[in-house]
Every structure is written in C-alpha cells, then in structure tokens.
Protein chains: 2
Amino acid sequence: MKNRSIGIGLMGLGIIGGQVVKVLTEKADMLAGQTGGPLVLRKIKVLPVDLKRPQAREMPAGLLTTDEEEFFNAPGIDIVIEAIGGEHPAREYLKRAITSGRYVVTSNKEVIAKHGAELQALAQKHNVGLRYEASVGGGIPLIAPFKYDLVANDITGIFAIINGTTNYILTRMAREGIDFPQALKSAQELGYAEANPENDIEGIDANYKLAILASLAFQTVVRPEDIYREGISRIGSRDFRYARELGLAIKLLAIAKRADNSIEVRVHPVLIPEDSLLAKVDGVYNGILVEGDLIEKVLFYGQGAGPLATSSAVVADVVASAQDITFGVGNRLKWTPGSGKRIKPMDEIETQYYLRLNCADRPGVLAQISKILGDNMISIASAIQKEADEAAQTAELVLTTHPSPEKAMRQALNQIERLEVVKEIGNFIRIEHI
Amino acid sequence: MKNRSIGIGLMGLGIIGGQVVKVLTEKADMLAGQTGGPLVLRKIKVLPVDLKRPQAREMPAGLLTTDEEEFFNAPGIDIVIEAIGGEHPAREYLKRAITSGRYVVTSNKEVIAKHGAELQALAQKHNVGLRYEASVGGGIPLIAPFKYDLVANDITGIFAIINGTTNYILTRMAREGIDFPQALKSAQELGYAEANPENDIEGIDANYKLAILASLAFQTVVRPEDIYREGISRIGSRDFRYARELGLAIKLLAIAKRADNSIEVRVHPVLIPEDSLLAKVDGVYNGILVEGDLIEKVLFYGQGAGPLATSSAVVADVVASAQDITFGVGNRLKWTPGSGKRIKPMDEIETQYYLRLNCADRPGVLAQISKILGDNMISIASAIQKEADEAAQTAELVLTTHPSPEKAMRQALNQIERLEVVKEIGNFIRIEHI
C-alpha cells in the first residue's frame, strides 16, 4: 500500500461544495488517518458568480478556476467531486472525469437517476470508482447498504419517505389541520420549499431517488420514466381528518416491490397505519424501510438533505475512493445491471384504496356505489358518511376497500363518477399496510 | 482481478452456522456474481453432537470434521467464518485463522468486545480482513456505517436499544401493565428469553455490543469492564404507570457520549420521551440512534437477532472479504485504535433523574426531601404524590429532577434513605431527552 497523497478536484462551490471544502480542510488530519495519506484539494471549478463568495476569497490564488479545460488538465487530480447539480453539464463533466481516469463522487440524483447505467458502464470500462451516496437520503447510509451490507438478501420491498419538503408540508397539515396551499406557503417562507416547488411537491425528486434505489436493490435499470408518479397537492385537510379516524397517516411514499421478475415502482401519497414506524417520520426527516428475505425489515432514518448531512456522504465516498486508489482497486461492481426485469403497468398493481366522495344526501346512494364496486369485484372494508351540507343537500362518503386490482378500481371510479348522485370524487388515495 | 473461486471454512454448525450454509448454497449463483467467482465451502468444523443434525447428514462426506487440526490444515480455505459463539475456544480459533493468513468473519460479540483490539492488531500484522458485522444488531448495517459511511463525522452520541430480549420484556410490561417476573416468564415460554436469562436482563449482552460500537465510533479501546451496567429487573409496573403520566417510555439503553477527549459509556434503564422514535422501537426489534456533527441524527432499526438476520450480515462480510481477496486488498484499517480517551467515572456524568419514594403519608415529607435535594444543588422538575395506602399510612412520591451530577444525586439518595419519613427508595431511573 502506497501512502501517497490523493488529489481532489471539486466542481461547484455552492452550498454543498462549500461545505465539502470545509470538511476536507477542517478534518484533514482525521481523514488522512483514514485513507493512509493526505487528501489534497488541487483545483475547484467554479462559476464566475462563485468567485465573490467569502469562502472563495479566502482561498489561495490558483485553486479556483472558471475554465473547464484548466480544471481537467490540472495535474494530480485522482478524484473528481461533482457538486454542481442538474443534468447538464454535470453529465458531461462526469463522463469527462471518468474517461480521463478519475474516480468520481457525486451528490447528483438527477444525473444518476437518468444516466447512472451509462456512467457505471463507463466507470467499469475505465476501471475507476463511481460513488453517489449523497444522491439519496443525505447523510443516511443507503447506497452502501444496498451495494454491500444487504447483498445477501433478495430485496422484496422499499417504502421510503425520501423528500423532506413534502414530508414537512404533510406533517404541518396533519398537525395543524391546515390545507395544502397554506402549508406550502409556510414551507416556502421557512426555506423548506423552493419558490418553484414543482420538483418536490409533484414527486419528481422522489422519483429520481427511487429510480436510484430500485436499480440498486433489484440490480436492474429502473429509469425515472418507468415510475408512476403523483404529487401531494390534491391532499386536503379533510383527508387527514378521515385518515385519523381510520387510524392512518398520510405520507408521500416512494415504493418499489418485487415479485419474481416483476417490479412495481411508484411515487404517490399513501395512507399507512399511524402506529407504523414510517408514520412517525415527521418534518424534513427521511425514513427508508427496506424489506428482504433475510433481514425481514430494516429502517434507516435521518436528515435527507442539507449541506452538513450531504457533506457527510460526499466525504465518506471520497475516503472510500481514496482507499481504493491506494489499494489499487478500480471499479468494484462485479455485476452489470440487467434489464431482464419487467416493470408492471399501474393497471396490474393491487392495493387497498381510500375513496372520498361528495354525494347527494339522500337514501340509496351507498347502495348504488356499493353495487358498482361489487360489480368490479372490489369489496368495501369500511364506510363513513359525514358532514352533510344541508344547504347543498350533499354528504361526504368515505370508503376504504380490501386489496383490489388498480384496473378494477379505475374502472369503478369511472362508473361512480358518472352516477347522478355523485357530485365529485373528492379524493382517491392508495393504502399500504406496512 | 482474478476471478478464481474463494474457499470458505466454517466453524460451528448450530443455528447460525446452519443458516449461513443454507444462504451460501441456495444463493451461490447470485453471490458468485457479486464476488466475481464462486464461494466454495471447503470444510466445516463441528462438535460431535452436530453430526446428528439433519442438515449435517445431507452433506457430502469429508466436508465435516470434528478435528481442529484437520480443519486448519484443509487446503484452499481463504475465509474462516466463526459461528461457535462464546469466548473460548472462539478466541483461539480466530487467532489461529488469522495467524495462518485467513480472512475471518465472526458474529461473536463476546470475543470482539473482549479481544477485538488484540484480534485487530493481529489481523493488521498478518494483513488479512477481520469482519464482525453480525456481532451487533443482527441484520442491521452498523459496523460498516461506523467504519465507512459515517467516517467524516465526529460521533458525539450513541443511544441504542440493542438487546431484543429486554426490549420485548419492557414492551410487554408497558402494554399489559404486568410486572417483571411475569413478563420474563412469558418471554421464556415464547423462546425470547433463555432459561438462564442473566446475560440479557442484567445488560451483559448490551454491554458487549456497546463496547464494540463505542470502540469503533470513538476510535479507541472501550472494554466491557469500562462500561457502567444495570439490568432491568428492578423496573416495576408502577414505574411504567408514572412514566406514562410524565410522557415518558422506559427502555434499556446502551449509551455512549463523547465530549472532547472524555467518553461516557453506560447500559441501564432510561426514561425517554414517549414521542421519540426510539420509544417506538418495540418488541424484539433493535434501534440504534447515532449522533454526529455532520449527520445530526441517524437511526437504524431492524431485527437485532435471529438466524436469518444474522446470516445476512455474516454473508455480506464474506462477500466483502472475497472481494478484498480477489482485489489483493489485505487489512483495510488505516488507524490503530488509540487509548487516549478518558472514560468518565459514573460520578462525573450529568443527567436527569426519576425518583420513586415510599414515604409516610403526613405533612412536611416533601419539604424534607426537597431540602436534601436543594442542599445537594439538585432542582426538582416535577413532583407527583400518589396512591396513599391508608392502612400503612404511606404514600408514593415520584420526583423528576433537572440535569444534575450523578455524584450529587447519589449523595442526596443516601441522605433521603436515612430520613425517618422515607420507608423505601422504590426506584431511581435516569432520564435522557433524546
């Protein structure tokens, strides 16, 4: 084992990049003890705007560059950390780093979700490491467990709260009885949601992360577009009230299940038992429940975002890369992700359903609805009739079903919607008994 | 990278060893895909009694041996799995395996807790891997996260439910209002507690596991005898009733904290807020909360024992060892555990306390007790007076304190015990606001 120093090139000096520099600098001695030699920051690729940051101004002249060529041609860079985010030019930078023989570490969920298979193949070809622990779950170890610790398991299920923004909004709605727009506004004011919140509240961020986790867990390529996706904006405060009556909590879950060679992957709001551990994962925290044939259930919980937690994962990946470099280990992956597994269309999934209907307040309504469900072979598990609005002569009807095929449920909903006595389908949420 | 086969020698064919054989056999193809070459079971060291097991009878002649010499002289063994448990002869076997150049994998918490530093030094000297993921937390990834994933953190605290038996007993007591002897008996009947339950209920098992985790987290040698230890047998059903009134749950926790170069390590019953995630870890499950400067809090949850979960960790260690062998990587540890950190005597710790006193039911009792606490600079956070026994003219008084030094609390307890109005100190439990 050579105890030489390891050179680091960093791309991006935003919040994440800046924090990574801080850790590499402040903990230099401790990290050197872990890798057997010092980690030396040799070059940082920044945008012109970053040069004005206080952190940038304190750095030695020559460490920073805005020029891509200067960055990639700098001597002595063994590991490239990509912390610029977004799809482009991150993808191109990562490919260039790999092609030029550098080990790469990234926190970029979008690039890994969309181009992970391509980058992994490239890293195998050039025999360098590709690590992305920070791309999912912030500082919670997740990628490494799937790659190493749980490797003896057939993973059968993942149920994950992996977007802190939506979990914060849903937690506020559950606790305060407020509606979605108000909770979103508050989250934005507190900096937990962005001005344009689409990426979070429509489940796009969770979709990327699930693509990464499911690809690893099932050793196959799951692309973001393979995943069914619904956001949280249609959840109302009344859904939380009914959920509580039913002993259920509402969470945005990223779900992956495997049975034989079929996979189902979906991101949508889910009702789960309120005494389950996932139901207790509140606020901006993440919780990831993994089911496997040997472990039964393992749950990981922690901060899924933020510069400190993310830097914990990035620096751990840097240390692992540095250890591999000193040991002369190239790319570790022995298997090539196959594409032999079939992604189930949503029509084929089977789950339980919660249905909130705004109906005419008159006799026989439940009978008509029950008949449609029965004709579609869907059996009702519970029914609550509530909140008659005397002026409008309407009442709210909340039904839950036993496990039923999504296809049958969709068909029943179409028929129910056409009933004269049904004013509106208020909501339709899947239930998972985890 | 050579894609040769990796030879395995297994010591012990009990419940764990038998399950490991099952996984290695049934998942041979999948595991070969992970390591780049097949894992071949070359020899199993058994006790004469094991030869009668159905599993043993189905094995090829010559695979089993009761002879230590035959085992260690068998050709082509790269990795030795130790699954016999207990301190001796496991320690001697592990030393012999390491000294003869084999990578070792063990699930033996007692040996690692007592002799981990010695074995690690030996493994470094002979440049082979020493892995023990299954020794703590069964199938929950814990050792690997401390060694790799959380390596950028200064770990400041560990709060762990790491003994399933005691957690099962406490869960039964909390839910059913039964007393310790009854809960223990029931746990024994269901096979969750052993006929001689001392190892679990006195916190010895948790003590071993904490020694392992704290040694890793703080990169120092924490020996089992460094750890303060109390069992759960003195917890009564009334303590659960009062805890609930105070919004607290009772758990046996293994606690490790670090401040600068001082460490505190202790295993004892603890009152924790009932809405904390650890309080929701019920039954035989384990939950390990880790605090670090970057991650803030991460919690790991799952089955802490059982053959399936344990085999998950053992086989993951075998795969990691096999990968290292094919890559030509020897011992990975870069640091030598120091002993520079000071273990705080219990007198120096500071925490909150719950105090249940059986007192004379007459005026001025609380005043006398408060005076003693005040004289010792301990301030009362809450007081409940309950359950006057009219015949005996006694009442139960439950106090909680603000954070106070253990030394002052001990002194106050001595003085309180001598008060004529105090019949008995019913219980004394530490409180942690995690």
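Residues numbered from 1 in each chain as written. Chains lettered and ligands numbered in written order. Predicted model: local features only at pLDDT ≥ 70, side-chain atom pairs only at ≥ 80, totals over all residues.

(A) Summary view of the overall build of chain A. When helices and strands are counted, chain A shows 15 helices and 18 strands. Relative to the 2.2 N^0.38 estimate, which gives 22 Å for 434 residues, the radius of gyration of chain A is 25 Å and therefore close to what a compact globule would have. When each of the 434 residues of chain A is scored for burial, the buried share is 52%. Contacts spanning at least 24 positions in sequence make up 76% of the contacts within chain A whose residues lie at least 6 apart. (Helix = DSSP H or I, 4+ residues; strand = E, 2+ residues; numbered from the N terminus. Rg over C-alpha atoms; globule rule 2.2 N^0.38 Å. Buried ≥ 20, exposed ≤ 12 C-beta atoms within 10 Å, placed from the backbone. Contact = placed C-beta atoms within 7 Å.)

(B) Geometry of helix α11 (residues 204-218) of chain B. All names here are of chain B. With 15 residues, α11 should reach 21 Å at 1.5 Å per residue; the first-to-last C-alpha distance of 21 Å fits that figure. For α11, the tally of buried residues reaches 14 of 15 residues, placing the bulk of the element in the interior. Count one or two residues on from α11 and you reach Gln 219, which has phi positive near 50°. (Expected span 1.5 Å × (residues − 1).)

(C) Quick peek at the nonpolar core. Membership of the largest hydrophobic core comes to 284 residues, with the highest contact counts inside it found for Leu213(A) and Leu213(B). What Leu213(A) contacts, discounting residues up to four positions off in sequence, is Val136(A), Leu142(A), Phe146(A), Ile158(A), Ala160(A) and Ala256(A). (Core = buried A, V, L, I, M, F, W, Y, C linked by C-beta atoms within 7 Å.)

(D) Structural context of the pairing of strand β11 (residues 285-292) of chain A. Residue and element names in this part refer to chain A. The buried fraction of β11 amounts to 8 of the 8 residues, a majority that puts the element mostly inside the structure. Taking every second residue as pointing to the same face, both faces of β11 are buried, with Tyr 285, Gly 287, Leu 289 and Glu 291 on one and Asn 286, Ile 288, Val 290 and Gly 292 on the other. Two strands pair when backbone bridges link them, and strand β7 (residues 155-161) and β11 are joined in this way by 6 bridges, in the antiparallel orientation. Each bridged residue has a counterpart across the sheet, and for Ile 161 the counterpart in β11 is Gly 287. (Pairing = 2+ DSSP bridges.)

(E) Molecular detail of the sheet that holds strand β3 (residues 64-65) of chain B. Residues and elements named next belong to chain B. The parallel open sheet is built from 6 strands, whose spatial order is β3-β2-β1-β4-β5-β6. Looking along the sheet, the strands with just one partner apiece sit at the ends: β3 and β6 (130-131). The strands touched by helix α13 (residues 307-327) are β1 (6-11), β2 (39-45), β4 (79-82), β5 (103-106) and β6; relative to β5, the strand with the most contacts, the crossing angle is about 170°. (Axes fitted to C-alpha atoms, helices over the stretch in contact; angles between N-to-C directions.)

(F) Broad picture of the packing of helix α1 (residues 15-26) of chain B against α13(B). Residue and element names in this part refer to chain B. For the pair α1 and α13, interaxial distance at closest approach is 9 Å and the crossing angle is 60°. One finds that α1 runs oblique with respect to α13. Every pair of crossing elements has a handedness; the one defined by α1 and α13 is right-handed. For the pair formed by α1 and α13, the contact residues are Ile 15, Ile 16, Gln 19, Val 20, Val 23 and Leu 24 on the first element and Pro 307, Leu 308, Thr 310, Ser 311, Val 314 and Val 315 on the second. (Parallel < 35°, antiparallel > 145°, perpendicular 65-115°, else oblique. Left-handed = near helix turned anticlockwise from the far one by under 90°.)

(G) A look at unusual backbone geometry. Residues and elements named next belong to chain A. Following His 88, the chain continues to Pro 89 via a peptide bond in cis, the omega torsion being 0°. Examined against the element boundaries, Pro 89 turns out to sit in the loop between β4 (79-82) and α5 (90-99). A positive phi angle, near 65°, is found at Glu 296, a position not held by glycine. Relative to the assigned elements, Glu 296 resides in strand β12 (residues 296-303). Overall, the presence of 19 C-beta atoms within 10 Å leaves Glu 296 in the partly exposed class.

(H) Structural context of the domain arrangement of chain A. Residues and elements named next belong to chain A. Domain boundaries in chain A define domain 1 (6-139 + 307-327), domain 2 (146-302) and domain 3 (347-431). Inter-centroid distance (C-alpha atoms) of domain 2 to domain 3 is 25 Å. Here the element with the most residues in the side of domain 2 that touches domain 3 is strand β10 (residues 262-273); it accounts for 5 residues. Among the residues making up the side of domain 2 that touches domain 3, the classes are represented as 6 nonpolar, 2 polar and 4 charged. (Domains from an automatic or database assignment. Nonpolar A, V, L, I, M, F, W, Y, C, P; charged D, E, K, R; others polar.)

(I) Region of interest: the interface of chain B and chain A. At the junction of the two partners, chain B supplies 44 residues and chain A supplies 44 residues. Here the side of chain B that touches chain A takes 10 residues from α13(B), the largest share from any one element. Relative to strand β12 (residues 296-303) of chain B, β12(A) runs antiparallel, the two being bridged by 5 bridges. Across the sheet, residue Val298(A) finds its bridge partner in β12(B), namely Gly302(B).

(J) Region of the structure containing the relation of the copies chain B and chain A. For the pair chain B and chain A, the best superposition has an RMSD of 0.0 Å and corresponds to a rotation of 180° with a translation of 0.0 Å parallel to the axis. The superposition of one copy onto the other is thereby described by a two-fold rotation axis. When C-alpha distances to the rotation axis are compared across chain B, the minimum falls at Phe300(B), with a value of 2.5 Å. (Least-squares fit on C-alpha atoms with pLDDT ≥ 70 in both.)

(K) Up close: the environment of Arg356(B). Residues and elements named next belong to chain B. The topology assignment puts Arg 356 in strand β14 (residues 350-360). Separated by 70 residues in the primary sequence, Arg 356 and Gly 426 have C-alpha atoms spaced 5.1 Å apart. Sequence-distant contacts of Arg 356, defined by excluding residues within four places in its chain, comprise Asp 239, Tyr 242, Glu 396, Val 398, Gly 426 and Asn 427.

(L) Examining the sheet that holds strand β3 (residues 64-65) of chain A more closely. Residues and elements named next belong to chain A. The strand order across the open sheet built from 6 strands is β3-β2-β1-β4-β5-β6, with neighbouring strands paired in parallel fashion. At either margin of the open sheet sits one strand with a lone partner, and together these are β3 and β6 (130-131). Bridging between strand β1 (residues 6-11) and β4 involves 4 bridges; their strand directions are parallel. Looking at β4, one finds that Met 11 is bridged to Glu 82. Across the sheet, helix α1 (residues 15-26) touches β1, β2 (39-45) and β4, and the angle it forms with β1 is around 160°.

(M) Broad picture of the packing of helix α14 (residues 365-375) of chain B against helix α15 (residues 406-417) of chain B. Residues and elements named next belong to chain B. With their axes 9 Å apart at the nearest point, α14 and α15 run at an angle of 150° to one another. Between α14 and α15, the angle falls in the class roughly antiparallel. Remark: the crossing between α14 and α15 carries right-handed chirality. Residues Ile 369, Ile 372 and Leu 373 of α14 lie in contact with α15, whose contacting residues are Ala 412, Gln 415 and Ile 416. For the contact of α14 with α15, the per-class residue count stands at 5 nonpolar, 1 polar and no charged.

(N) Structural context of helix α6 (residues 109-125) of chain A. Residue and element names in this part refer to chain A. His 115 marks the point of greatest bend in α6, at about 80°. For α6, the set of buried residues is Lys 109, Glu 110, Val 111, Ile 112, Ala 113, Gly 116, Leu 119, Gln 120 and Ala 123. The inward-facing, buried residues of α6 abut α5, β5 (103-106), β6 and α11 (204-218). Asn 127 occupies a position one or two residues after α6 and carries a positive phi of about 50°. (Bend = angle between axes of the 7 residues up to and from the residue.)

(O) Structural context of the environment of Arg42(B). Residue and element names in this part refer to chain B. Mapped onto the elements of the fold, Arg 42 is located in strand β2. When the 19 C-beta atoms within 10 Å are taken as the criterion, Arg 42 is described as partly exposed. Apart from the residues within four sequence positions on either side, Arg 42 is in contact with Gly 7, Ile 8, Gly 9, Ala 74, Gly 76 and Ile 77.

(P) Summary view of the pairing of strand β18 (residues 422-431) of chain B. Residues and elements named next belong to chain B. Of the strand pairs in this sheet, strand β10 (residues 262-273) and β18 are connected by 2 bridges, and their pairing is parallel. Its bridge partner being in β18, Val 270 is matched across the sheet by Arg 430. Direction of pairing for β14 relative to β18: antiparallel, over a ladder of 8 bridges. Looking across to β18, one finds that Asn 358 is bridged to Glu 424.

(Q) The environment of Gly283(B), seen in detail. All names here are of chain B. With respect to the element layout, Gly 283 can be found in the loop between β10 and β11 (285-292). For the pair formed by Gly 283 and Gln 303, sequence separation is 20 residues and the distance between their alpha carbons is 9.8 Å. Once residues within four sequence positions are removed from consideration, Gly 283 is found in contact with Asn 167, Tyr 168 and Thr 171.

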